[in-house]
Structure formats: C-alpha cells, structure tokens
Amino acid sequence: IIAEQGRMGVQLFYMASAFALFYSISQRADKFGFFIRRIFRIAPMFYIATIFYFVFYTIYPNPNIEAASSDAFTFLNLFSHLTFLHALSPYWINTIVPGGWSVAVEMLFYLLVPTVYFIYKRYGVNFLYISLASTTAISWIFNYSIVSLFSSDLPKYWPAFLYYNFFTQLPIFILGMII
C-alpha cells in the first residue's frame, strides 16, 4: 500500500522544481536559455530509456502496461514520447517508459516557465494566484466533464490519465512558483 502512494511524491518534486526554476531564472540574465540546459539534462537518458523499452516491450509484451491496446507500441507513440507529448494522450501517457508521464509533464512545464516568469515580472504575484485558481478550475472541469461524459463506462485507461495528465498537474507547478 505504501509503495502504491509513491506517485504522490512526484507532486512534491514538481513543487520543489517549480520553486527552484523560478528562483534560478530570476538570477540569470539569459531567461530563455535555461530550457535548452534542461533538455540536455533530462532528454538523453529519457530517450535511451524510451528506445530500450520500446524495443524490449515490442519483443516481450508486458501485460501490466497501461495501454489502450496491443497497438500502443507504434511509431506515432514513440514519436509522442520523444517529443514529450505523450502526457497529453490518455492512451500513451504511461506506456513505453514506466513512470514516463512525470518526465513528459515536467518537460511541458519547462516550456512554460520563461513565459510565465515574463508575465509574472510584468503583473506580479497576483498573476500567479489567478493562474493557480484558473488552472485548478480548468482541471476540475476537465476531469468532471470526462467522468460525466462517460458516466459508468469510463474507458479503462482514462482514470490514470485524469490523474497523470499535464493539466491536472499544472496547479502543483504554479503553487511551487508562488512559494
């Protein structure tokens, strides 16, 4: 039971990451170059893991993979992982690399940090409070709409997606920025 709750530690990491990134971007003259540095810190190992697991699970299918079908290991899914866009798909979010959803969400967040910081510097902390409230509301509306739309027939892989997806996690990042 305790091991199953390990995914909750990801949110603590997201908050600490947002705090550290917001602090570090404020200390640097080059506000937009940090994304390139982050890519070279994270992407190479993720790419190696993606290729490894893609080949491995294609040869030895894993019945525990959270995929919509045996067609999950397609080149389109591979491309979504290499571009970190699998965090936006309920069918691919946690397929090729175990736990890869957290890396994709983090990378999409990295894309937003320079813009959010720029707007924050212009409008102040109230922008972050408004962002926190609006992203939380959007996440709740999105999740409620999906659950209501499917009622009792929610597809098997959607509950995990509703928890892991970028939009559900975004308020956690913004909270870290506020801190």
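To keep things clear, this report deals only with the structure shown in the data block. (Residues numbered from 1 in each chain as written. Predicted model: local features only at pLDDT ≥ 70, side-chain atom pairs only at ≥ 80, totals over all residues. Heavy atoms only, no water.)

### A word on the packing of helix 2 (residues 34–59) against helix 3 (residues 75–82)
In a packed pair of helices, the relevant descriptors are the angle between the two axes and the axis-to-axis distance.
Reasoning step 1: Where helix 2 contacts helix 3, the axes come no closer than 10 Å and their chain directions differ by 165°. As the angle between them shows, helix 2 and helix 3 are arranged roughly antiparallel. Note that helix 2 runs across helix 3; the crossing there is right-handed. Note on element contacts: helix 3 touches helix 2 through F75, L78, H81 and L82, opposite F46, Y47, T50, I51 and F54. (Axes fitted to C-alpha atoms, helices over the stretch in contact; angles between N-to-C directions. Helix = DSSP H or I, 4+ residues; strand = E, 2+ residues; numbered from the N terminus. Parallel < 35°, antiparallel > 145°, perpendicular 65-115°, else oblique. Left-handed = near helix turned anticlockwise from the far one by under 90°. Contact = heavy atoms within 4.5 Å.)

### Notes on the environment of Y110
Reasoning step 1: Relative to the elements of secondary structure, Y110 occurs in helix 4 (residues 100–123).
Reasoning step 2: You can call Y110 buried: its relative accessible area is 5%.
Reasoning step 3: Note: C-alpha distance between Y110 and I36 (74 residues apart in sequence) is 9.6 Å.
Reasoning step 4: Residues contacting Y110, with those up to four places away along its chain left out, are S17, L21, F34, F35, R38 and I42.
Reasoning step 5: A polar atom in the side chain of Y110 sits 2.8 Å from the side chain of E106. (Buried < 20%, exposed > 50% of the residue type's maximum accessible area, 1.4 Å probe, protein only. Polar contact = N/O pair within 3.5 Å; in protein donor to acceptor, adjacent residues only side chain to side chain.)

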